[in-house]
Amino acid sequence: MMYLFFFSIFFFYILNVVKFTLFPIIVGTSFAEEMKETTTIASNINLIPFNYQYIEQTLLNILLTVPFGFGLPYVKRKMNFKTIVGCGLLFTLLIETAQLIISFIIGYAYRIIDINDVLANLFGVIIGYIAFLLFSKMILWIIEKYIPKNEKLSPFLLYINKVSKNESFKFKNTV
């Protein structure tokens, strides 16, 4: 039951990422027609790493994916640093690829496709995973120190404890 709870939260997060990164798609308006006439898709693609135009956008991209790195271990077992980075890279590449495909379909670049978004998102995933590992250590310490061994944990704490125990040994090898 707790898995379903955490899965639902993670799924809601993914839906919101899709909402913020892919929508709205503006078609059939004077703005869309003007964009088709004045810009090209290639002009809104940046493949040069660390060529930042807006530092605020970079920080928002980092924050966007911190929950991914923190939440994925609660819905997928046997996670380690490489798996988290791989899943995070796949996730962010899917977002940028979807933006590119949508741009081709509607005929203009409605979003900027940027390698820096991928890098910032990946950094956010790593920060989220490190936060998860620290949280896991803290939870294990609190349960061990302050909750008597014979006291039954709530289902919520029991699930967090179970995930934390599965992941805690990886903390030493990751950071």
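Look a little higher up for the structure.
Keep in mind the model is a prediction, meaning the values are calculated, not measured.

A.B. asks: Describe the layout of surface pockets, and please don't skip the residues or the numbers.
C.D. replies: Approximately 610 Å³ is the volume found for the largest pocket. If you trace the largest pocket, you find 26 residues lining it, with Gln 57, Asn 61, Ile 112, Asp 114 and Asp 117 closest to the centre. Every element with two or more residues in the lining of the largest pocket is listed here: helix H1 (2-22), strand S1 (45-46), helix H3 (55-75), helix H4 (81-106) and helix H5 (115-146). Here the lining of the largest pocket takes five residues from H3, the largest share from any one element. Looking at side-chain class alone, the lining of the largest pocket contains 10 nonpolar, 12 polar and four charged residues.

A.B. asks: If you had to explain unusual backbone geometry to someone new, which residues and values would you point to?
C.D. replies: What you tend to see is this: most non-glycine residues have negative phi, and most peptide bonds are trans. For the peptide bond that leads from Phe 23 to Pro 24, omega is 0 degrees, which places it in the cis range. Positive phi, normally seen in glycine, also occurs at Lys 78, with a value near 60 degrees. Within the secondary structure layout, Lys 78 lies in the loop between H3 and H4. Residue classification places Lys 78 among the exposed residues on the basis of a relative accessible area of 70%.

A.B. asks: Describe the side chain of Thr 92, and please don't skip the residues or the numbers.
C.D. replies: Its place among the elements puts Thr 92 in helix H4. Sequence-distant contacts of Thr 92, defined by excluding residues within four places in its chain, comprise Asp 117, Val 118 and Asn 121.

A.B. asks: Please provide a residue-by-residue account of the packing of aromatic side chains, values included.
C.D. replies: Enumeration according to the criterion identifies 16 aromatic pairs in this entry. Where Phe 6 meets Tyr 159, the ring centres are 5.0 Å apart and the plane angle is 25 degrees; that geometry is what we call stacked. Taken as a pair, Phe 6 in helix H1 and Tyr 159 in helix H6 (residues 155-168) lie far apart in primary sequence, 153 residues in all. Taken as a pair, Phe 6 and Tyr 159 share a single burial class, namely buried. Aromatic rings pair up to connect Phe 5, Phe 6, Phe 70, Tyr 74, Tyr 129, Phe 132, Phe 135, Phe 156 and Tyr 159 into one cluster.

A.B. asks: How would you summarise the environment of Ile 147 if you had to cite specific residues and measurements?
C.D. replies: Mapped onto the elements, Ile 147 comes out in the loop between H5 and H6. Separated by 27 residues in sequence, Ile 147 and Ala 120 place their C-alpha atoms 39 Å apart.

A.B. asks: Which residues make up the environment of Ala 42, and what values go with them?
C.D. replies: For Ala 42, the location among the structural elements is in the loop between helix H2 (30-38) and S1. Measuring from C-alpha to C-alpha, the distance between Ala 42 and Cys 87 comes to 27 Å, with 45 residues separating the pair along the chain.

A.B. asks: How would you summarise the side chain of Ser 103 if you had to cite specific residues and measurements?
C.D. replies: One can find Ser 103 in helix H4. Ser 103 sits in the buried class, given a relative accessible area of 0%.

How each quantity is defined
- Residues numbered from 1 in each chain as written.
- Predicted model: local features only at pLDDT ≥ 70, side-chain atom pairs only at ≥ 80, totals over all residues.
- Heavy atoms only, no water.
- 1 Å grid on protein atoms, 1.4 Å probe; cavity = no way out; pocket = protein on both sides within 12 Å on 5 of 7 lines; lining within 4 Å.
- Points joined across faces, edges and corners; volume = space filled by probe spheres on them.
- Helix = DSSP H or I, 4+ residues; strand = E, 2+ residues; numbered from the N terminus.
- Nonpolar A, V, L, I, M, F, W, Y, C, P; charged D, E, K, R; others polar.
- Buried < 20%, exposed > 50% of the residue type's maximum accessible area, 1.4 Å probe, protein only.
- Contact = heavy atoms within 4.5 Å.
- Phe/Tyr/Trp six-rings, centres within 6.5 Å; stacked < 30°, edge-to-face > 60°.

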